[in-house]
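If you want the building blocks of each chain, they are given just below.
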2 protein chains.
Amino acid sequence: MNIGQVSKATGVSQRMIRHYEGIGLMPPPDRRDNGYRDYPPRSIERLRFIANARDLGFSVDEIAALLGLWDDRERASSEVKAIALGHAEHLARKAAALEAMRRTLLDLAEGCSGDARPDCPILAGLAETRPHPDRELTGASCKPKEEA
Amino acid sequence: MNIGQVSKATGVSQRMIRHYEGIGLMPPPDRRDNGYRDYPPRSIERLRFIANARDLGFSVDEIAALLGLWDDRERASSEVKAIALGHAEHLARKAAALEAMRRTLLDLAEGCSGDARPDCPILAGLAETRPHPDRELTGASCKPKEEA
DNA sequence: CTTGACCCTACCATGATGTCAAGGTTCATG
DNA sequence: CATGAACCTTGACATCATGGTAGGGTCAAG
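A quick note: this is a predicted structure, and the numbers were derived from the prediction, not measured.

Colleague: Hey, could you go over the protein's contact with DNA strand D for me, with residue numbers and the actual values?
Modeller: Taken together, 19 residues lie near DNA strand D, and Gly4, Arg18 and Arg37 of chain A together with Arg54 and Val60 of chain B sit nearest. What you see for DNA strand D is that sugar and phosphate hold 68% of its atoms within 4 Å of the protein. Between Arg54 of chain B and DNA strand D, the recorded distance is 3.4 Å, taken from a side-chain N or O atom to a phosphate oxygen. With respect to DNA strand D, the backbone of Val60 of chain B contributes an N or O atom lying 3.3 Å from a phosphate oxygen. Contributions of two or more residues to the surface near DNA strand D are made by helix H1 (3–10) and helix H2 (14–22) of chain A together with helix H2 (14–22) of chain B. Considering only residue class, the surface near DNA strand D consists of 6 nonpolar, 7 polar and 6 charged.

Right, here's the structure in full:
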């Protein structure tokens, strides 16, 4: 199969199919005499696996690990489950962070009249001193450089 | 003030302070004879505003809009509120998407024994045909859909 | 003068994806 | 056969926010 047909069959863009090959998620397919990639039917399965995992928010590294387990018929399902549950935890933390942002925003907006007057607690809140003024500072403001 | 002091005062890295200048969020400050950036105290306020907005997940474009309204003493608070509420909605949708992913993942993991046996519904679910019209990827193996 | 902290610009990298460019191949049709 | 559409190829650039590095200038104190 040509790349265009694989793309249609899987819903993965040609661009990303080549990309996955480049980063090692897909094995390099055979080439025909004209240089065209020639995919075996198995590739479709594997691409769908990758795309589904991506849709679930797995990182490339996680997908690589899952593919390795997929290829290994002897693997223990506990390994797969550990990756999946770890990722679920990761997703939960991200969702909670977004929710906290939203909460803060709604709290700020609550005090805002939302009319034609210029007074606005949202802007006032944004201009306030930052809650965590202890972020990373680039350059060595207080760290000794021990470089040769 | 030198950039290092502004960085310390705001918790924004020097790297990002220069970046915000490059993308137009911060006005280019005066330069001393030696080429060093020389910031007025106002810059600290503005940087804090930017950093706070960024922490709330606003995009650069949204921050630019908020800054414009911040600079405008005549603006109506309704404009600010509209941006804020729109963004809150955006955050809610993102959080919901993450939660849906997590739900799917947990559903898949539920059927997984998580022991030494190779049988694993998580991998089976990932290898399934991609949801094209509507998704039914949760739970056990569904009927394989044939689509070209 | 030396040292070390500070500043400058400019480039590279991330991750997933899109787009565009410039060129080769295949095939159908006039 | 010639032309053009539709396909394939590689490579490069852009996004967004951030970190890092390289290479070099500046300043103040010892």
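The structure having been displayed, the exposition proceeds.
Colleague: Tell me about the nonpolar core, and please be specific about residues and values.
Modeller: One finds Phe49, Ile122 and Leu123 of chain A together with Phe49, Ile122 and Leu123 of chain B to be the most contacted residues of the largest nonpolar core, which totals 75 residues. Element by element, the count of residues in this core is highest for helix H5 (residues 77–110) of chain A, at 11 residues. Looking at which domains feed residues into this core, each of domain 1 (1–59) and domain 2 (76–113) of chain A supplies at least three. Not counting chain neighbours up to four residues away, the residues in contact with Phe49 of chain B comprise Leu123, Leu126 and Ala127 of chain A together with Leu66, Leu67 and Trp70 of chain B.

Colleague: Quick rundown of the side chain of Glu21 of chain B? Include the residues and the values.
Modeller: Residues and elements named next belong to chain B. Within the secondary structure layout, Glu21 lies in helix H2. A polar side-chain atom of Glu21 sits 2.8 Å from a polar atom in the side chain of Arg37. When near neighbours in sequence (up to four residues on either side) are disregarded, Glu21 contacts Met26, Pro28, Pro29, Arg31, Arg37 and Tyr39.

Colleague: So what about the pattern of salt bridges? Which residues, and what values?
Modeller: Residues and elements named next belong to chain B. Under the definition given, this model contains 13 salt bridges over all chains. The partner of Asp38 in a salt bridge is Arg32, and the shortest N-O contact between them spans 3.7 Å. Its relative accessible area of 25% is what places Asp38 among the partly exposed residues. On the basis of relative accessible area, Arg32 is assigned to the partly exposed category, the value being 35%. Between Asp71 and Arg46 there is a salt bridge; the shortest N-O distance is 3.2 Å. Residue Asp71 is located in helix H4 (residues 60–71), and its partner Arg46 is located in helix H3 (residues 42–55); the two are separated by 25 residues in the primary sequence.

Colleague: Tell me about H3 of chain B, residues and numbers included.
Modeller: Residues and elements named next belong to chain B. Look at H3: 20 Å from first C-alpha to last across 14 residues, which is about the 20 Å you get at 1.5 Å a residue. Along H3, the positions that sit buried rather than exposed are Ser43, Ile44, Arg46, Leu47, Arg48, Phe49, Ile50, Ala51, Asn52 and Ala53. Positive backbone phi, at 85°, marks Gly57, one or two positions downstream of H3.

Colleague: If you had to explain the relation of the copies chain B and chain A to someone new, which residues and values would you point to?
Modeller: The relation between the two copies of this chain is a rotation about an axis and a shift parallel to it. Laying chain B over chain A is done by rotating through 180° and shifting 0.0 Å along the axis; what remains is an RMSD of 0.2 Å. Between the two chains, the operation in question is that of a two-fold axis. The position closest to the rotation axis in chain B is occupied by the C-alpha of Ala95 of chain B, lying 2.2 Å away. When you check the interface residues of chain B against chain A, 89% turn up at the interface there too, and the contact is symmetric in its surfaces.

Colleague: Break down the packing of helix H1 (residues 3–10) of chain B against H2 of chain B for me, with residues and values.
Modeller: Residue and element names in this part refer to chain B. Taken N-terminus to C-terminus, the directions of H1 and H2 make an angle of 105°; their axes are 9 Å apart at the nearest point. Relative to H2, the element H1 is oriented roughly perpendicular. Between H1 and H2, the contacting residues are Ile3, Gly4, Val6 and Ser7 on the first element and Gln14, Ile17 and Arg18 on the second. Residues belonging to the contact of H1 with H2 are distributed by class as follows: 3 nonpolar, 3 polar and 1 charged.

Cut-offs used in this document
Residues numbered from 1 in each chain as written. Chains lettered and ligands numbered in written order. Predicted model: local features only at pLDDT ≥ 70, side-chain atom pairs only at ≥ 80, totals over all residues. Heavy atoms only, no water. Near = heavy atom within 4 Å. Polar contact = N/O pair within 3.5 Å; in protein donor to acceptor, adjacent residues only side chain to side chain. Helix = DSSP H or I, 4+ residues; strand = E, 2+ residues; numbered from the N terminus. Nonpolar A, V, L, I, M, F, W, Y, C, P; charged D, E, K, R; others polar. Core = buried A, V, L, I, M, F, W, Y, C linked by side-chain atoms within 4.5 Å. Buried < 20%, exposed > 50% of the residue type's maximum accessible area, 1.4 Å probe, protein only. Domains from an automatic or database assignment. Contact = heavy atoms within 4.5 Å. Salt bridge = Lys/Arg side-chain N within 4 Å of Asp/Glu carboxyl O. Expected span 1.5 Å × (residues − 1). Least-squares fit on C-alpha atoms with pLDDT ≥ 70 in both. Axes fitted to C-alpha atoms, helices over the stretch in contact; angles between N-to-C directions. Parallel < 35°, antiparallel > 145°, perpendicular 65-115°, else oblique.

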